[in-house]
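# Structural overview for review
Listed here are the chains, written in short residue letters.
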Amino acid sequence: MKMTKENFIHEFKKRLGERYALDVKDAAPIELYQTLVAVVKSGYSDIWRKTWKSYVKNDQKQVYYFSIEFLPGRLLKSNLLNMGWYDVVEAGLKDMGLDLDQISETEVDMALGNGGLGRLASCFMDSLASEGLPGNGNGIRYKYGLFKQKFVDGYQIELPNEWLTDGNNWSVARTSKAVDVLMGGQVHLHDNGKYYEVTYEGADLIKAVPYDTGIVGYHNDHVNTMRLWDAQIPASEEINYPTIEDRRRVEDLTSVLYPDDSNYEGRILRLKQEYFFTSAGIQSIIRHYKKYDRPLTEISDHIAIHINDTHPAMCVAEFMRILLDEEHLDWDVAWKQTVQTMSYTNHTIMAEALEKWPVDMLATVQPRILQIIEEIDRRYVEELTGKKDEDFIERTRIIKDGMVKMAHLAIIGSHSTNGVAKLHTELLENDVLHDFYELYPERFNNKTNGIAIRRWLQVANPTLSKTIDQTIGTKWRFDSKELHQLAKYDDDQALLEKIGAAKRFNKVRLAKVIKEQTGIEVSPDALFDVQIKRLHAYKRQLLNLLHIVKLYLDLKEDPNSQQVPRVFIFGAKAAPSYHYAKSIIKCINEVANLVNNDPTIEGKLKVVFLENYGVSLAEKIIPAADVSEQISTATKEASGTSNMKLMLNGALTVATLDGANIEIKDYVGDDNIFIFGLTKDEVLAYETNHQYRAADYYENDPVLHRILDAFVDGTIPNIEVEGHEIYDSLLRANDEYFVLRDFAGYVATQERVSQTYLDQAKWNKMCLLNIANAGYFSADDTVEKYATDIWQIKPNVEVQKG
Ligand code: 26Y
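Owing to the predicted nature of the structure, the values given are computational and were not obtained by experimental measurement. (Residues numbered from 1 in each chain as written. Predicted model: local features only at pLDDT ≥ 70, side-chain atom pairs only at ≥ 80, totals over all residues.)

### Notes on the domain arrangement of the chain
What the domain assignment lists for the chain is domain 1 (58–74 + 109–449 + 784–791) and domain 2 (453–777). One C-alpha centre belongs to domain 1, the other to domain 2, and the line joining them spans 35 Å. Between domain 1 and domain 2, the residue contacts involve 38 residues of the former and 34 residues of the latter. Contributing elements (two or more residues each) for the side of domain 1 that touches domain 2: β2 (70–73), α6 (116–130), β5 (148–152), β6 (155–159) and α15 (422–432). In terms of residue class, the side of domain 1 that touches domain 2 is built from 14 nonpolar, 14 polar and 10 charged. (Domains from an automatic or database assignment. Contact = placed C-beta atoms within 7 Å. Helix = DSSP H or I, 4+ residues; strand = E, 2+ residues; numbered from the N terminus. Nonpolar A, V, L, I, M, F, W, Y, C, P; charged D, E, K, R; others polar.)

### Considering the packing of helix α20 (residues 541–557) against helix α27 (residues 702–710)
Look at α20 against α27: their axes get within 10 Å of each other, and the N-to-C directions meet at 100°. The orientation of α20 with respect to α27, classified from their angle, is roughly perpendicular. Along the contact surface, α20 presents Leu546, Val549, Lys550 and Leu553, while α27 presents Val703, Arg706, Ile707 and Ala710. Tallied by class, the residues present in the contact of α20 with α27 amount to 6 nonpolar, no polar and 2 charged. (Axes fitted to C-alpha atoms, helices over the stretch in contact; angles between N-to-C directions. Parallel < 35°, antiparallel > 145°, perpendicular 65-115°, else oblique.)

### Brief notes about the UniProt feature "modified residue: N6-(pyridoxal phosphate)lysine" (unreviewed entry) in the chain
Sites flagged by UniProt as "modified residue: N6-(pyridoxal phosphate)lysine" (unreviewed entry) map to Lys645. For Lys645, the position within the fold is in helix α23 (residues 642–648). Ignoring any residue separated from it by four or fewer positions in sequence, one finds Lys645 in contact with Ile451, Trp456 and Ile622. (UniProt positions renumbered as here; feature names shortened; annotations may be inferred.)

### Notes on the sheet that holds strand β24 (residues 652–655)
As summarised here, the arrangement of the 6 strands in space is β22-β21-β20-β23-β24-β25, forming an open sheet in which the pairing is parallel. Among the strands making up the open sheet, the edge pair consists of β22 (605–610) and β25 (674–675). (Pairing = 2+ DSSP bridges.)

### A closer look at the nonpolar core
In terms of nonpolar packing, the biggest core is built from 227 residues, with Phe276, Cys315, Val316, Ile373, Val591 and Val608 touching the most fellow members. Shared between two domains, this core holds at least three residues of each, these being domain 1 (58–74 + 109–449 + 784–791) and domain 2 (453–777). (Core = buried A, V, L, I, M, F, W, Y, C linked by C-beta atoms within 7 Å. Buried ≥ 20, exposed ≤ 12 C-beta atoms within 10 Å, placed from the backbone.)

### Points about α6
With 15 residues, α6 extends 21 Å from end C-alpha to end C-alpha; this agrees with the ideal 21 Å at 1.5 Å per step. Most of α6 is tucked away: 15 of the 15 residues are buried. Remark: Gly132 follows α6 within two positions and exhibits a positive phi of approximately 70°. (Expected span 1.5 Å × (residues − 1).)

### Section: the environment of Ser176
Relative to the helices and strands, Ser176 resides in the loop between β7 (171–173) and β8 (179–183). According to the C-beta neighbour criterion, Ser176 is exposed, with 7 such atoms within 10 Å. The sequence separation of Ser176 and Pro210 amounts to 34 residues, and the corresponding C-alpha distance is 9.0 Å.

### Concerning the site of the ligand
Close contacts around the ligand come from 22 residues, with Gly116, Leu117, Asp261, Ala638 and Ser639 the closest. Counting contributing residues, the shell around the ligand receives three or more from each of domain 1 (58–74 + 109–449 + 784–791) and domain 2 (453–777). (Near = placed C-beta within 6 Å.)

### Quick look at the packing of helix α1 (residues 5–20) against helix α2 (residues 29–57)
Two elements in contact, α1 and α2, have axes separated by 9 Å at closest approach and are oriented at 120°. Looking at the two axes, α1 sits oblique to α2. Our pair here, α1 against α2, has a crossing hand that is right-handed. Residues Glu11, Phe12, Arg15, Leu16, Arg19 and Tyr20 of α1 touch α2, and the partners they reach there are Glu31, Thr35, Leu36, Ala38 and Val39. (Left-handed = near helix turned anticlockwise from the far one by under 90°.)

### Focus on unusual backbone geometry
A positive phi angle, close to 55°, is found at His328, a residue other than glycine. Note that His328 resides in the loop between α9 (315–326) and α10 (331–341). The exposure class of His328 is partly exposed, given the 14 C-beta atoms found within 10 Å. One non-glycine residue, Gln792, lies in the positive phi region at around 50°.

### Focus on the confidence of the model for the chain
Put simply, the chain has an average pLDDT of 97, and 99% of its residues get 70 or more. When pLDDT is averaged over each element of the chain, strand β23 (residues 627–630) comes out on top at 99 and helix α7 (residues 244–251) at the bottom at 90. Overall fold confidence (pTM) sits at 0.98, and the ipTM for the predicted complex is 0.98. (pLDDT = per-residue confidence, 0-100.)

Structure follows, in structure tokens:
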């Protein structure tokens, strides 16, 4: 994709004129943005077409990544970067008196996910394209993205996120590729001697319309597709949806993203969404496959389907449904293809987030799918009878006590189950999914998460990127393991100073954002201590808060107690129904108020909770972070990915031995990370022996005693209710996540952090070593491993790199 500055300027002005009849100087930001998108899109559309045609021509095996969440964030800059247009366009805009940063800010984030799982899906989409791999996304085009978060009196308020108001400029509606999804009603089977004829009675016919977004690979002339489905009423069916209520039933299907990633909720609409995008995706895959007259008995040689967490687990049954009911394959033949085609990733071991649906609900949503799941379950039990004891079979079967266990369906119906970090996979194998591991050891494997290194470094942090380029060249953009070359320079004082200067530049930039959004002044000379992730009890934002309260109380007692000024920065949304998480938000905000407005603190301590955390805000916070808080209770965080993004940007990690933190520690070495807290074995021991008594820590540790009292004695104002709630969760409910147990270790570790920060040369050296080792967490490498080990797909032969 070639573009010169002159051509760009010409093209841009032409389109602006055609589209809006405007000159550059009269155009509003949104008009400039939309024009720019049009130019960019036309720059890759030819290659987009060629890419999918080449898959067909070369009969390439493709993977379809099914995910109920995608979080691409803004696409403008990352597309420009991947096309190799970034510098030319930036310069061209400048010549016209325009600013790329400013125009880019106009873009509304595509916030079609909650957190880590959705962002991982988007990092994978970027990397699949950049590796030239034939990979497609399949998901839902929610009309309302994840709610917009506001704070009113310190409380989280959720506002609708109408991201489609101005239309979405990147996607293309492909009405001609719509499919019909059948839901509800009753199903009748008639045995005609050869197969069952299946008829539906009283079912809703819903039109699934795909919206395709091009996913541009990095400098390789390769563009993949992310396909998101919208639910509509088919023209032929208008008559069946006479009332507004009836129409709503259909339109509501893809209206909202469920904003909860903490608790499984038996909501029928969510189940309908799951079936809707699963069925639409599978139908369109099989239809496309059949166009080229290949036998369905070999379909698993040509396509792979990935089930991202259990939300799309009905893929197994829907694939079977089509092979059986529409293609009339024998059960065994169909089953073999299904298992060979499907693979599944688990993202959590928290019992409350594991999906299980009541049989009755499934019967209402799609009775035929329930029948098929029942038959899969029956055959599973039959096959194991006599080989395994009854308990084992009852524990592992899919349907039990009127509930359908989606993880069991995904494991039994696929050839691969993977965890997302070494520790997480180990826990799956030895604990949570141990029975299945015993049954199918060959199906289990680990794929540690990775991140889109270019987005999180080149796009988010151009200043640091340039310093890296000047030191080791630009090869790291293609292979981020090259970043390790930086380690050789760990005594290069000039470089270390430049790294420090880049950080300071980004802190000044963030300080501005903080001032604009909150009115709070923070000094870029303070240490920026960052915790950004969903708000969950297990992630322990509360532990961070207890430490902040300690520092505050210490300062009140002795104004010289704090040598290193700190700014604590939070970004987090709580699920609207997650009461406890919302109370923690309220408490953080009230502590912030107290601390920030206390003149005796003199700026030695600041607390900032930025509203509406998401991909775009992350791109501003991460480059400016000095410390990365990764402090979940060991065993609870499957992997984490902000830990990787922050280290890549030269933040030092304060971490428990949980998720991918362990692998980060193994790369950077004990001296370049701050580890504290209970280990996996200690947590598991407490959880079995029940010998933990949180109150002991309160009673025996006067420091902790005072801090907890501050939540209930008025020291922290305006939290009469929430303060007690938190106090009780720790002392009455015995502190489920061992916050009090880990507190002393955490404080001691934070003191080491401050001591280290006083020695800036040493600090910068540690930053450098973190940056140097972050290249091992590239999603490019992760998807390559999925491609070889699980999907058996190869890069497009026509792809060019470099
Ligand atoms: C069913 C419903 C309650 C539900 C909805 C969303 C359950 C889970 C989720 C999302 C989970 C999620 O985001 N998990 C995170 O996945 C990341 C990518 O693998 C991990 O890095 C992170 O540790 C994990 O919490």
